[in-house]
Amino acid sequence: MTRKTSARRPGRGASPAGAVTAVVLDPTSSAPLHRQVYEALRGAIFAGRLRSGSKLPSTRALAAHLSLSRNTVLGAYAQLLAEGYLRGRIGSGTYVADALPERLLLARRDPAPKLSPAPDGAALSQRGALVAGAPSPFRRGSEPLGPAGWAFQVGVPAFDAFPAATWGRLMSRRWDRSWRALLPRHEPQGHAPLRRAIADYLVTARGVRCTPEQVVVVSGAQQAISLAAEVLLDPGDEAWVEDPGYTAARSALVAAGAVAVPVPVDGEGLDVAAAVRRSASARLAVVTPSHQFPLGVTMSLGRRLALLDWARSSGGWVFEDDYDSEFRYAGRPLAALQGLSPDARVIYAGTFSKVLSPSLRLGYVVVPEGLVDAFAAAKALADVSSPSLEQAVLADFMVEGHFARHVRRMRVLYERRQAALVEAAARELPGLLEVLPAPAGMHLLGWLPPGRPDRAAAERAVANGVRCAALSDLRVDAAGRGALLLGYAAVPEDAIDEGVRRLATALR
């Protein structure tokens, strides 16, 4: 005898009644009812109480059993279908999926094969070896160290004063208004409203001669240096760098195959005459003229003009890193080197890392009109473009005046924190470290007694819960008095006192 089968045969495993008993609602919960139904069914599937292939009751039947509207149950089913926990069969009903979506997202863990050890130096190109061996301050990461918090890490802004409420409000508003336009967008040169805001700010606050079309948004000053080296230098070309100076700039040049030529810095900034004597054929000069890093001196007008004359006569380029020019505590901010001459061969770079947060990874580079296409192309090859949402929010932040207000507040705050550091050092560090005030910046130099090695002092400081950089680590020419760089911008005044006490203990 032939057995008759039904086209609506129940699936494998539990009966539809299992889904009914799986759902228990909590009237005291703040979760919406459709969410409670979704969570209950998903939990039963995950726990195996509703097995693969099990048929669920119709939405009408489950709604009637739970005394809910059918739309509530429809919403729960729709979410489970969208996430892959359920499968619908036309004319048959709704069933638990044969494979949970989590299993489709996790790789199978096969036993790891035994690999033979790689030979020494395997697979690295010459440039790869240069990149791997180049020193970088970013490899260490950034985090507070011990009870003294951020004392005295260099280059870190005041996270405790970040305008979080304003930023969050702008981000929420921008997302609500523009998410459909921002998600697919990629603009290698940068978000046009942000480029306009940056150009307006630089013309007014820094005396830069530029239009929005000359601005390229980058991930920070470090990427700006890398792009300049890629676009302007051939392997073997020589480039002047300040000594002492920013080690990551030297590393970017070396990684590009260029030869970094160290040039001494004195009270007037980079010694241009000495630079010409050391390398008359250099193609690029990397400088921090407004506030030299790490010594803090300002390049004199005579040196600035000499540097521009060298670039014009030799066909070379000047890379101006204006990394913390906003924070000047005596007199008006100094105009940028780029603005001294309308035909200056200057690549001007700045960053929002020092003003807002390094994690934003947003900066800018202003280039002569003839180089815009090359820099935009290099940026596109490096990472396509900077994040669209963050760029749009930053543009709003600047256009609505929040950026200028934040800079004014930080200038007052940093001046107060610098004064607290100088006062605490005078009280706790006499004979151990000479710390003098400075008219600008986010760090001070603490000079050790002659003959005291600064690397050893920095290591003892870290062991005692304080992080500060040794000046000799920023020198190519190792000669000179030892000093420690003391970043104060991110350190509240009570933590400054604690940090100085710990530093005193480390140096005794």
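Engineer: Got a minute to help me understand the pairing of strand E8 (residues 284–287) in this structure?
Structural biologist: Each regular strand carries side chains that alternate between the two faces of the sheet. Taking every second residue as pointing to the same face, both faces of E8 are buried, with Leu284 and Val286 on one and Ala285 and Val287 on the other. Relative to E8, strand E5 (residues 238–243) runs parallel, the two sharing 3 bridges. Looking at the pairing, tryptophan 240 lines up with alanine 285 of E8. One ladder, built from 4 bridges, connects E8 with strand E9 (residues 317–321); its direction is parallel. Of the residues in E9, the one forming a bridge with valine 286 is phenylalanine 319.

Engineer: How do you make sense of the packing of aromatic side chains when you look at a structure like this?
Structural biologist: Two aromatic rings are characterised by how far apart their centres lie and by the angle between their planes. If you walk through the whole model with that rule in mind, you get 11 aromatic pairs. Site record: aromatic cluster; members linked through ring pairs are Tyr201, Phe352, Tyr364 and Phe403. Arginine 42 extends its terminal NZ or CZ atom over the ring of phenylalanine 46, reaching a point 5.6 Å from the ring centre. We note arginine 89 situated over the ring of tyrosine 95; from NZ or CZ to the ring centre the distance is 3.9 Å.

Engineer: Please clarify how the pairing of strand E4 (residues 215–218) should be interpreted in this entry.
Structural biologist: Side chains of E4 alternate between two faces, with Val215 and Val217 and Val216 and Val218 buried alike. Bridging between E4 and strand E11 (residues 363–366) involves 4 bridges; their strand directions are antiparallel. If you follow valine 217 over to E11, its bridge partner there is tyrosine 364.

Engineer: What should I look at first to understand the pattern of salt bridges in this one?
Structural biologist: Here the idea is simple: oppositely charged side chains can pair when their charged atoms come close. Under the definition given, this model contains 17 salt bridges. In this structure, the salt-bridge partner of aspartate 160 is arginine 417, at a minimum N-O distance of 2.7 Å. Remark: arginine 417 occurs in helix H15 (residues 402–428) and aspartate 160 occurs in the loop between helix H6 (126–133) and helix H7 (164–182); sequence separation between them is 257 residues. The exposure class of arginine 417 is buried, given its relative accessible area of 4%. In this structure, arginine 312 engages aspartate 343 in a salt bridge whose closest nitrogen and oxygen atoms are separated by 3.9 Å. Within this pair, whereas arginine 312 is found in helix H12 (residues 301–314), its partner aspartate 343 is found in the loop between E9 and strand E10 (346–351), the two being separated by 31 residues in sequence.

Engineer: Before we go on, may I ask you to explain the layout of surface pockets in this structure?
Structural biologist: Empty pockets left among the atoms are what a rolling probe the size of a water molecule brings to light. Estimates place the volume of the second largest pocket at around 320 Å³. Taken together, 14 residues line the second largest pocket, and the ones lying closest to its centre are Arg127, Gln223, Ser226, Leu227 and Glu230. Broken down by secondary-structure element, the contributors of at least two residues to the lining of the second largest pocket are H6, helix H9 (221–232) and helix H10 (247–255). Top contributing element to the lining of the second largest pocket by residue count: H9, with 6 residues. Its residues assigned to classes, the lining of the second largest pocket comprises 8 nonpolar, 4 polar and 2 charged.

Each value, and the rule that gives it
- Residues numbered from 1 in each chain as written.
- Predicted model: local features only at pLDDT ≥ 70, side-chain atom pairs only at ≥ 80, totals over all residues.
- Heavy atoms only, no water.
- Buried < 20%, exposed > 50% of the residue type's maximum accessible area, 1.4 Å probe, protein only.
- Helix = DSSP H or I, 4+ residues; strand = E, 2+ residues; numbered from the N terminus.
- Pairing = 2+ DSSP bridges.
- Phe/Tyr/Trp six-rings, centres within 6.5 Å; stacked < 30°, edge-to-face > 60°.
- Lys NZ or Arg CZ within 6 Å of the ring centre and 35° of its normal.
- Salt bridge = Lys/Arg side-chain N within 4 Å of Asp/Glu carboxyl O.
- 1 Å grid on protein atoms, 1.4 Å probe; cavity = no way out; pocket = protein on both sides within 12 Å on 5 of 7 lines; lining within 4 Å.
- Points joined across faces, edges and corners; volume = space filled by probe spheres on them.
- Nonpolar A, V, L, I, M, F, W, Y, C, P; charged D, E, K, R; others polar.

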